[in-house]
Amino acid sequence: MKNFQKIFYSIFAIYVFSCSSENLDAPFKVSSPNNSLIATVSLDSGLPYYSLTFNGTPIVDRSRLGIKTDKLIFSDQLEVIKVKRRSKDKSWKQVWGEQKIIRDNHNELELTLLCKVEKNKMILRFKIFDDGIGFRYEVPRQNQLSEFTILDELTEFNLSEDSPSWWIPAYAYRRYEFLYAKTLISEISRDKFSELVENLNGPRIGPEAVQTPFTTQRKDGTVVTIHEANLANYSSMALKATGTKNLECDLFPWSDGTKVKTSAPMKSPWRTIIVGASPSDIVMSTLTLNLNEPNKLSNTSWIEPGKYIGIWWEMIGTNQSTWGSGPHHGAKTEKVMKYIDFGSEHGFDGVLVEGWNNGWDQNWCCNGEGEDFGFYHPHPDFDHKLVRNYAKEKNIRIVGHHETGTQIENYESQLDSAFAYCKRNGIRVVKTGYVNDGSKNIKRTGADGKIYKEWHHGQYMVEHFRKVLETAAKYEVSIVVHEPIKDTGLRRTYPNMVSREGARGQEFNGFMGINDNNKPNHTTILPFTRLVSSPMDYTSGIFNLTEYRYFAPDNRKINLNHQIPSTISKELALYVVIYAPIQMAADLPENYTGHPAFQFIKDVPTDWEHSICVDGEIGEHITMVRKDIASDDWYLGSISNEKGRELLISLSFLDSDKKYNATIYRDPESGGWKKRPEEVVIENRYVDSSTELNIILPPGGGQAIRFTPEG
């Protein structure tokens, strides 16, 4: 193994604690372990501020801190009464992930603030790592303070440069499911905002704000991503645009306009700023995970990464089958058993079954009308006992499906029974769904008996998703969430939170025409934005890229207006580029049968010992390499936007004492997403760590490689 791997795998811990006697009136600085990042915290006339520099260059100018509550002042008239500093250097092992061992190396600054008028206390806590910074607000128990309401959070992100940024709108009807816009930070506002949101297939239904992770790149190449970590018992944060380069924390409100209902002691989520010298640096940031609590599950042996196929694409992609009853119902016993046969023959771990339960025949979509969904009541077409036994015989696990229609109270009333049903039937993974075309359309019955409508991203739903996750863990079930709340690293604490959607995935290539589907650059933006936060269930692996969709199951007529803007080689590369511990081979079995490129999907792992972003530019291209956790094999995925390009990639990540057989899956010459997208060239060559590989990517194309050591 190489030296860096030996260092990486040594587990060590160093803790340093001190109560400082420094001047309580001075600005307080805290630097990253390598001194590249320096945060400065100060008070000006009782108002708290922070700023951030990277290698001596300002990244965040002086920005406001504080929270407003209905009872106590935590925003002004403050003074520092205590300073504590800590340093930590410890490595911890993931249950699954992009890398086996994560190093938590940071310096910490803790400031206790006192309101001069009310004499109440608040703690500002900063942790600064080599890859970024996190800070949060803590309200300790005091003065018999119990319940209180946060009316607003005053956190600002006054970026020092008005740079190009990649963003999707908040307060919009599709939650996170938009194509990314690219504008200057100052252009995310007013008429420009409305114009862009309209172009992104949806009306603006709230303030001018963007979702996180939010990424911007400065002129000197430095990349900054703003997000949050350890979101719990709080509202999720959007970033309010101001028409300048400055952004403000904007918490999704309750229906009564308040932001957070809480009690002391209280800890807010961490506000995170990831900083890298280049786009590649932010891709592998571990800041979010390090700011979450350690694993709370004593037994994780039932959490298993793997690959699955499923009855999904023939409903959402090709339109051949339906979720509901009728002659084309997809989740029929015989059909499910055929999928099980195919999965077993080709070494898959699971089969996803959607439409297996009662409730699909009613008006469940898309305005929260899912009261009839039963989550432990199989449809008459689905013999769950026969399927369960057959799957067990074939060494296949059924991946369950819970579509809620965002009827939260209906789902929560069945949670224990639903997951107990999973436990009885050997279902270890469940895909949940929250389809709803209005983000502020989550129905909640108040204590007064009235119905209120809440935001999908507000505190009500944050707490709901946590409840589902904890209940699933109790019954040893892992969760893949579609239409989720964003990931903020909770998968460290509950590793049964294996994946989620939370962005425009492959499904938009299924039901959208060529004018409205995902574009070739979409998957070259995701690694630098959405994927900075967590794994994604993108559902890659479509081989039939053209002439695949039918108007309806009744007439079987091909709709030629549908084409997936990809190539088979790019679809293969996405298994390496877009990480998830549980990956789907999304196409129909008949499109894989006998296809030589299917071998890559069968081979590629979903759990990794080490991962590296070799090269990349936001919205242009990216090349990822990953080492299998169970062998000495490495895998490479390289993809491009609508432009063709040629990349020279060093293979220095390979072990220097080994030679490798590289099995290459590439697009043909003069190929691409518009020309010969379904053709794949498969070739072999021998390489070693000194090899520089010339990778040619046609427009919208990709390349996937498996490196296997000789002998």
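About the thresholds
- Residues numbered from 1 in each chain as written.
- Predicted model: local features only at pLDDT ≥ 70, side-chain atom pairs only at ≥ 80, totals over all residues.
- Heavy atoms only, no water.
- Helix = DSSP H or I, 4+ residues; strand = E, 2+ residues; numbered from the N terminus.
- Rg over C-alpha atoms; globule rule 2.2 N^0.38 Å.
- Contact = heavy atoms within 4.5 Å.
- Areas by Shrake-Rupley, 256 points an atom, 1.4 Å probe, with all protein chains shown as cover.
- Lys, Arg positive; Asp, Glu negative; His and termini not counted.
- Charge placed at Lys NZ, Arg CZ, Asp CG, Glu CD.
- Pairing = 2+ DSSP bridges.
- Axes fitted to C-alpha atoms, helices over the stretch in contact; angles between N-to-C directions.
- Buried < 20%, exposed > 50% of the residue type's maximum accessible area, 1.4 Å probe, protein only.
- Phe/Tyr/Trp six-rings, centres within 6.5 Å; stacked < 30°, edge-to-face > 60°.
- Parallel < 35°, antiparallel > 145°, perpendicular 65-115°, else oblique.
- Nonpolar A, V, L, I, M, F, W, Y, C, P; charged D, E, K, R; others polar.
- Polar contact = N/O pair within 3.5 Å; in protein donor to acceptor, adjacent residues only side chain to side chain.
- Left-handed = near helix turned anticlockwise from the far one by under 90°.

Enquirer: Please explain the overall build of the chain as it appears in this structure.
Expert: Across its full length, the chain carries 16 helices and 40 strands. For 711 residues, the compact-globule estimate of 2.2 N^0.38 gives 27 Å, and the C-alpha radius of gyration of the chain, at 25 Å, lies within 12% of that figure. With respect to the principal axes defined by its C-alpha atoms, the chain has extents near 75 × 65 × 50 Å. At a minimum sequence separation of 6, the contacts of the chain that also span at least 24 residues come to 72%. When the accessible surface of the chain is split by element, carbon and sulfur atoms take 46% of a total near 25,700 Å². Between the mean site of the 83 positive side-chain charges and the mean site of the 91 negative ones, the chain shows a separation of 4 Å.

Enquirer: Can you walk me through the sheet that holds strand S4 (residues 47-54) in this structure?
Expert: Each strand in a sheet pairs with another by means of backbone hydrogen bonds, the pair being arranged parallel or else antiparallel. One open sheet accounts for four strands, arranged S2-S3-S4-S5; its pairing is antiparallel. Every interior strand has two partners, whereas the edge strands, strand S2 (28-31) and strand S5 (57-64), have only one. Across the sheet, the mean angle separating the axes of adjacent strands is 15° when strand polarity is ignored. Inspection of the sheet shows S4 paired to S5 by five bridges, in the antiparallel sense. If you follow Thr53 over to S5, its bridge partner there is Pro58.

Enquirer: Explain helix H9 (residues 415-424) here, please?
Expert: A turn of α-helix holds 3.6 residues, and therefore any two residues three or four places apart point the same way. Turning to H9, its buried residues number three or more, namely Leu415, Ala418, Phe419, Ala420, Tyr421 and Cys422. Buried-residue contacts for H9 involve helix H7 (384-393), strand S26 (397-403), helix H8 (408-413), strand S27 (429-433), helix H10 (459-474) and strand S30 (478-481). One or two steps after H9, the chain reaches Gly426, where phi turns positive at roughly 70°.

Enquirer: Is there a simple way to explain unusual backbone geometry in this structure?
Expert: Leaving glycine out, the prevailing phi sign among residues is negative, and the prevailing peptide bond configuration is trans. Look at the link from Thr212 to Pro213: it is a cis peptide, with omega at 5°. Mapping Pro213 onto the fold places it in the loop between strand S16 (209-210) and strand S17 (214-217). Look at the link from Ala264 to Pro265: it is a cis peptide, with omega at 0°. Along the chain, the position of Pro265 falls in the loop between strand S21 (260-263) and strand S22 (266-267).

Enquirer: Where do I start with the packing of aromatic side chains in this structure?
Expert: A ring pair, where both rings are aromatic, is described by two values, the distance of the centres and the angle of the planes. Considering all chains together, one arrives at 30 aromatic pairs under this definition. Look at Trp634 and Phe653: their rings are 5.0 Å apart centre to centre, the planes differ by 50°, and that puts the pair in the tilted class. With Trp634 in strand S35 (residues 634-640) and Phe653 in the loop between strand S36 (645-650) and strand S37 (660-666), this pair connects stretches of sequence that are 19 residues apart. Using a relative accessible area of 6% as the deciding quantity, one classes Phe653 as buried.

Enquirer: What should I look at first to understand the packing of helix H6 (residues 333-345) against H7 in this one?
Expert: Relative orientation and spacing of two packed helices are given, respectively, by the angle between their axes and the distance between those axes. With their axes 10 Å apart at the nearest point, H6 and H7 run at an angle of 10° to one another. The angle between the axes of H6 and H7 places the two elements in the roughly parallel class. Contacts between H6 and H7 involve Thr333, Val336, Met337, Ile340 and Asp341 from the first element and Leu386, Val387, Tyr390 and Ala391 from the second. Taken together, the residues of the contact of H6 with H7 break down into seven nonpolar, one polar and one charged.

Enquirer: Which parts of the structure should I look at to understand the environment of Glu678?
Expert: Position of Glu678 relative to the elements: it lies in the loop between S37 and strand S38 (681-687). Residues Glu678 and Thr567 lie 111 residues apart in sequence; the distance between their C-alpha atoms is 5.9 Å. Not counting chain neighbours up to four residues away, the residues in contact with Glu678 comprise Phe543, Asn544, Leu545, Thr546, Ile568 and His595. For Glu678, the side chain forms a polar contact with the main-chain nitrogen of Leu545, separated by 2.7 Å. In this structure the side chain of Glu678 is engaged in a polar contact, spanning 3.2 Å, whose partner is the backbone nitrogen of Thr546.

Enquirer: I would appreciate a short explanation of the pairing of S2 in the present structure.
Expert: For a regular strand, side-chain orientation follows a simple rule: the groups alternate between the two sheet faces. Going residue by residue along S2, you find Phe28 and Val30 tucked away on one face and Lys29 and Ser31 left uncovered on the opposite face. Turn length for the S2-strand S3 (residues 37-44) hairpin, with the two strands adjacent in sequence and antiparallel, is five residues, and the turn residue Asn35 shows positive phi of about 70°.

Enquirer: How should I be thinking about the packing of H9 against H10 in this particular structure?
Expert: Running from N to C, H9 and H10 point in directions that differ by 40°, and their axes come no closer than 9 Å. One finds that H9 runs oblique with respect to H10. The chirality of how H9 crosses H10 is right-handed. Residue-level contacts link Leu415, Asp416 and Phe419 of H9 to Lys467, Val468, Thr471, Ala472 and Lys474 of H10. In the contact of H9 with H10, the residues fall into four nonpolar, one polar and three charged.

Enquirer: Looking at this model, I keep getting lost on the sheet that holds S35. Mind explaining?
Expert: The antiparallel open sheet is built from six strands, whose spatial order is S33-S34-S35-S40-S37-S38. Two strands close off the open sheet at either side, each with one partner strand: strand S33 (608-617) and S38. The sheet shows a mean angle of 15° between the axes of neighbouring strands, direction not considered. When S33 meets strand S34 (residues 621-628), the two strands line up antiparallel, connected through eight bridges.

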